[in-house]
Structures are given as structure tokens and as C-alpha cells.
Amino acid sequence: MKNGVVIVGAGHAGVQAAASLREEGYDGPVILLGDEKELPYHKPPLSKTFIKDAAAQPQPLRGEVFYTGHTIDFRPGTLVERIDAAARRLELAGGGDLAYDQLILATGSRPRLLPLPGAHLAGVLSLRSVADARLIREQSAACEEVVVIGGGFIGLEIAATLAAGGRKVTVIEALDRLLGRAVAPLIAEHVRQRLTASGVRILLKTTIERIEGEDGHVASVLTSSGEHLPAKMVITGIGVVPNVELAETAGLAIANGIRIDTAMRSSVENILAIGDNASYRHWQTGSDVRLESVQNATDQAKLAARTVLGHPGDYVAVPWFWSDIGDMKLQMVGLTAGSDRQILSGDPAENRFSVFHFIGDRLVAIESVNRPADHMLGRKMLGLGFSPTTEQVAGGAEALKAALAALPAG
Ligand code: FAD
């Protein structure tokens, strides 16, 4: 393969794909293109610590020597504008082009835009990149009141972080609960109560009529209940949309993401897709999903490398995710879709508990708050296809460990 593998997008998935190609023994050219100018960095700390700590630096995914040492041709500040799939060439912004033998699209996702009057005002921000995080950090230092639109993971992490840094934060959520799509109602309510106790104001069942400005800068937000909330900063956290435009114009099949099979292959020969931008039929639920997590990006990247090398595997990794919201470490493993029975283990009053989700007797997911042992055991149990009994769940981590230890070897 003389042109080698070109990876578009130098985030969690793209960098892991480059690393895995070398780990798997690929010795042709590996070219990693990223439109950002930074050395690729970890995204999760941005909303958890970076935006309140003036001295924080981005945490590189790999040190600079990793790229040189593994002969990975990393080209920052390189935006790919078009794929010519028939000619196996990329067109780059600024006029250059680049041939590939195999192409891995790891273009991630971007914040969903808010179709609201005033959304264009200065001070209305969202968070995806370290550049966004720097803006939030700089501008929030100079404002007392912040409105966060959207009570999902990112919005709540930002709210908790800015509140801990002394800002007066109001979260506005359209649904009647937080974290609507993602966790059990018990956990959503727990998070609401603790955030409220820590000083974050949360308005459920509330939408925004408009964002109001003064001299081109946001000054307040008018809610559906008629309240004017003063704010010099509004942060929108209403979800992301996958970056599929490159793929779409090249004729790849798209359905809430670039459609891929279990070996990360798109509908077009020699083009793979991984990470936040890819959708696929999930082995656990049988339904189509597009997951937005570091685990998904990393595991898909490893598989993509294997596919490029001609020994594809199937994507059957157990999905997991974490989020730090104030003093709550939330950890999720498995998928809750279809869950018809839940067992609570631990005590919400102690801010340490887990919700075990079952379909019938089959364990499908565990959601934990400050119970990392349950999460790690959950990864094992779901990986092995083992479902604990109600008594074993009630017995806590020790009983679950014992149940796993008693399983026949192999
Ligand atoms: P990204 O990491 O977004 O990388 C895609 C890269 O491709 C970007 O650099 C983008 O600029 C670039 N790109 C796009 N188009 C082009 C183009 N045409 N040419 C060149 N480059 C291009 N996940 C968790 O599991 N736990 C967490 O706690 C967590 N916290 C998060 C906090 C924040 C603030 C954010 C933003 C995300 C968080 N996530 C978390 C999600 C996780 O970071 C993503 O799922 C992960 O980054 C997906 O990796 P990716 O490589 O698909 O996309």
C-alpha cells in the first residue's frame, strides 16, 4: 500500500487508530490529519476541571515523541474538504490534495446549534474543543451569572464546575427531569437534588423564548415562564450532531452517523468510520446506535486497525461511560434500552449507590454513583454474559465478586 492509511480527525478515535495500526504491525505510511492546531488532547477534563482552573493545560493523548517515534505523519491544522472516493484522494483546505489506499474517518461530532433569537450574540458559547474551553474559562472569569441550556452530561458538568468556581449558575432543561436520555430517573433526581444543594439553580420543564443582548453581547435570557435571567454568558449543551458531511458528499450511507458494519467498514470500499460520527447495529440491543464516549472511540479505533490489516474482528465491546458532576462520579456500563426491572444497591443518602438494570433475569446495565467497584464488576459481568441474582446484588461488591469467582473457568 504505497499511499498508506490516511486518518481524518485527530481526536480520541483518530489517534488511537494511528497507534493501533502500528501496534498491529502495519508498516506503511500512516497520515493523521486534524483541523485543530493543538497536539491531540483528552476532551473529558475540559468540562470537569479545565474551565475553572486558569493554570490548566490541555492533557495530550500522546506526547509529541509518540508521533515521531512511531513514524506517524501527524499534520495539525489540516482541514479535509472533500473525498473523491473513486480516485481515492482527499482535497485539503488551502488547495492541496492527498491520495490514500485506506481512509479512516474519525471526524467526531459538534455541538447542536440553538435555533433561537439571540443565539448569535457574543457570550453564547458551547463546548467541544480546547479552544471553546479557553473562551469559556476567560469569559466566565469576568461574569457573575451564567445560564446553561440543557441538563445533559456536558451541561451539568459545566454547571457544577463553574458553580464550584464561584459563578451563579442556572440550568434550563426542557424535560421534566435531568439527563433525560441517559440514566434512571432515580439517578437523575439524585443529581438534581445535589446540584441544587450545591447552589446550582435548575429549572425543569422550561424552555427559552429568546436570548437578549446589549451592544451585541448577551445580557439575559427570557424563559418560557416569563422570567428574565441576567447572564453575561450562556452555554448551550443540547447535544451533538455527527460530522458526516464529508462522508455524505462522497456517497457513503448515512443514518444518524456514517453507517458502519461490525468491522468499522462504511458502505464504500476502503473507507472506514469510527467514534462519535459512526452508527451501527448494536450487538447487545439489536438496535441502531451512535455512541459518544471515549470507550467507543477507542475500541472502534482498535478494530479499524485490524480491519485495515486484513484480520477484522466484530465490535462486541461492552459500552461504558463516565461523567463527573460536582461530587458525583457517575459510571455507566451496558445499555439500559428495554430495561424492565431495576434493583437499587447502596444508599442515595450517602451519595454512593448503583442501579442494576435487567431485562427479565438478564443483566443489561449498571449505573453507579460513587461506586466504582460496582462499575468494574459490571464490566466483567456483562463481558461474561453473567447475570447476578437479586440476593447477589443485595450482597454488594463482595457477593458479586464471590459469584464471579465461583463461575467455571473459561
Ligand atoms: P473527537 O475527539 O471530537 O475528534 C474528532 C476530531 O476530528 C476533532 O479534532 C475535529 O476537529 C476533527 N475533524 C472533524 N472534521 C474534520 C475534517 N474535515 N478535517 C480534519 N479534521 C476534522 N466521553 C466519556 O466517555 N466520558 C466523559 O466524561 C466525557 N466527557 C466529555 C467532555 C467534553 C467537554 C466533551 C466535548 C466530550 C466528552 N466526552 C466524554 C465524549 C468524548 O470526548 C467523545 O466521545 C470522543 O472525543 C469521541 O472521539 P472522536 O475521535 O470520535 O471525536
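Residues numbered from 1 in each chain as written. Predicted model: local features only at pLDDT ≥ 70, side-chain atom pairs only at ≥ 80, totals over all residues. Heavy atoms only, no water.

Visitor: Help me understand the UniProt feature "domain: Reductase C-terminal" (unreviewed entry) in the protein, please; the structure alone is not making it clear to me.
Guide: Residues given the UniProt feature "domain: Reductase C-terminal" (unreviewed entry) here are residues 320-403. Overall, residues 320-403 shows 31% helix and 43% strand. The separation of its end C-alpha atoms is 22 Å. (UniProt positions renumbered as here; feature names shortened; annotations may be inferred. Helix = DSSP H or I, 4+ residues; strand = E, 2+ residues; numbered from the N terminus.)

Visitor: Just checking my understanding: could you explain helix H8 (residues 294-308) for this structure?
Guide: Every α-helix carries 3.6 residues per turn, so stepping three or four residues along brings you back to the same face. For H8, with 15 residues, the first-to-last C-alpha span of 21 Å sits near the 21 Å given by 1.5 Å per residue. Counting buried residues in H8 gives 11 out of 15 residues, a clear majority hidden from the surface. Turning to H8, its buried residues are Gln295, Asn296, Ala297, Thr298, Gln300, Ala301, Leu303, Ala304, Ala305, Thr307 and Val308. The elements touched by buried residues of H8 are strand S1 (5-8), helix H1 (12-23), strand S7 (102-105), strand S19 (271-273), strand S20 (278-281) and strand S22 (320-325). Just downstream of H8 lies Gly310, where phi reads positive at about 90°. (Expected span 1.5 Å × (residues − 1). Buried < 20%, exposed > 50% of the residue type's maximum accessible area, 1.4 Å probe, protein only. Contact = heavy atoms within 4.5 Å.)

Visitor: How should the site of the ligand be read in this particular structure?
Guide: The local shell around the ligand holds 31 residues, among which Asp35, Glu36, Lys48, Arg128 and Asp276 are the closest. Measuring from an oxygen atom of the ligand, one finds a side-chain N or O atom of Lys48 at 2.6 Å. Within the side chain of Arg128, an N or O atom sits 2.6 Å from an oxygen atom of the ligand. Here the ligand has 1000 Å² of accessible area as a free molecule, and 94% of this is covered by the chains. For the shell around the ligand, the elements supplying multiple residues, two or more each, are H1, helix H2 (44-48), H8 and S22. Among the elements that line the shell around the ligand, the one with the most residues is H2, at three residues. A per-class count over the shell around the ligand returns 14 nonpolar, 10 polar and seven charged. (Near = heavy atom within 4 Å. Polar contact = N/O pair within 3.5 Å; in protein donor to acceptor, adjacent residues only side chain to side chain. Areas by Shrake-Rupley, 256 points an atom, 1.4 Å probe, with all protein chains shown as cover. Nonpolar A, V, L, I, M, F, W, Y, C, P; charged D, E, K, R; others polar.)

Visitor: Explain the nonpolar core to me, please; I cannot follow it from the model alone.
Guide: Looking at soluble globular proteins, one finds that nonpolar side chains tend to be buried together. Counting residues in hydrophobic clusters, the biggest one holds 57 residues, and the most contacted among them are Ile7, Ile83, Leu90, Leu103, Ile104, Leu105 and Ile274. Excluding residues that lie within four positions of it along the chain, Leu105 makes contacts with Val8, Ile83, Leu246, Ala247, Leu252, Ile258, Ile271, Leu272, Ala273, Ile274 and Asn277. Leu125, Cys143, Ala159 and Val355 belong to the second-largest nonpolar core, a separate cluster that totals 41 residues. (Core = buried A, V, L, I, M, F, W, Y, C linked by side-chain atoms within 4.5 Å.)

Visitor: Help me understand the pattern of salt bridges, please; the structure alone is not making it clear to me.
Guide: It is possible for side chains bearing opposite charge to pair when their charged atoms get close. Applying the stated criterion across every chain yields a total of 20 salt bridges. One salt bridge connects Lys168 with Glu145, and the closest N-O pair in it is separated by 3.9 Å. On the criterion of sequence distance, the pair formed by Lys168 in strand S11 (residues 168-172) and Glu145 in strand S10 (residues 145-149) is long-range, its members being 23 residues apart. Here Lys168 falls in the exposed class, since its relative accessible area comes to 53%. Residue Arg210 pairs with Glu212 through a salt bridge whose shortest N-O separation is 3.2 Å. Note on Arg210: relative accessible area 37%, which makes it partly exposed. Residue Glu212 is classed as buried on the basis of its relative accessible area, which comes to 15%. In the salt-bridge network here, residues are joined through shared partners; they are Arg259, Arg281 and Asp288. (Salt bridge = Lys/Arg side-chain N within 4 Å of Asp/Glu carboxyl O.)

Visitor: What exactly am I supposed to notice about the packing of H1 against H8 here?
Guide: Remark: H1 packs on H8, axes separated minimally by 8 Å, with the N-to-C direction vectors making an angle of 35°. Taken as a pair, H1 and H8 cross one another with a handedness that is right-handed. Between H1, through His12, Ala13, Gln16, Ala17, Ser20 and Leu21, and H8, the contact on the second element is made entirely by Val294, Ala297, Thr298, Ala301, Lys302, Ala305 and Val308. Among the residues making up the contact of H1 with H8, the classes are represented as eight nonpolar, four polar and one charged. (Axes fitted to C-alpha atoms, helices over the stretch in contact; angles between N-to-C directions. Left-handed = near helix turned anticlockwise from the far one by under 90°.)

Visitor: Got a minute to help me understand unusual backbone geometry in this structure?
Guide: Trans is the prevailing form of peptide bonds, just as negative phi is the prevailing case for residues other than glycine. Phi angles above zero are rare outside glycine, and Arg88 is one such case at about 55°. Along the polypeptide, Arg88 turns up in the loop between strand S4 (80-84) and strand S5 (89-92). The residue Leu179 is not glycine, and still its phi comes out positive at about 50°. Along the chain, Leu179 turns up in the loop between S11 and helix H6 (185-197).

Visitor: Help me understand the domain arrangement of the protein in this model?
Guide: Interfaces are often sized by the accessible area lost when the parts come together. With domains assigned, the protein is organised as domain 1 (5-48 + 59-110 + 241-308), domain 2 (113-238) and domain 3 (327-405). Between the C-alpha centres of domain 1 and domain 2 the distance comes to 31 Å. In this complex, domain 1 contributes 10 residues to the contact, which on the side of domain 2 involves nine residues. Across the domain 1 to domain 2 interface the summed buried area is about 890 Å²; carbon plus sulfur atoms make up 50%. Along the contact surface separating domain 1 from domain 2 lie three salt bridges. (Domains from an automatic or database assignment. Buried area = accessible area lost by both parts, 1.4 Å probe.)

Visitor: Would you mind showing me how to read the pairing of strand S13 (residues 208-214) here?
Guide: Each regular strand shows side chains that alternate between the opposite faces of the sheet. Pairing of S13 with strand S14 (residues 217-223) involves six bridges; the strand directions are antiparallel. Bridge pairing links Gly213 to Val218 in S14. The turn linking S13 back onto S14 is made up of two residues, and Asp215 within it adopts a positive phi angle of 55°. (Pairing = 2+ DSSP bridges.)

Visitor: Would you mind going over the pairing of S10 with me for this structure?
Guide: Summarising burial for S10: four of the five residues are buried, a large majority. Both S10 and S11 contribute to a ladder of five bridges, which runs parallel. The partner of Val146 across the bridge, within S11, is Val169. On the question of chirality, the crossover connecting S10 to the parallel S11 by way of helix H5 (residues 153-164) is right-handed. Pairing between S10 and strand S16 (residues 233-236): four bridges, direction parallel. From the neighbouring strand, Val146 faces S16, where its bridge partner is Met233. (Right-handed = clockwise from strand over helix to strand, strands pointing away.)

Visitor: I'm lost on the environment of Ala119 in this one. Help?
Guide: With respect to the element layout, Ala119 can be found in the loop between strand S8 (109-111) and strand S9 (124-126). Those residues in contact with Ala119 that sit more than four places away from it in its chain are Leu114, Val124 and Ile211.

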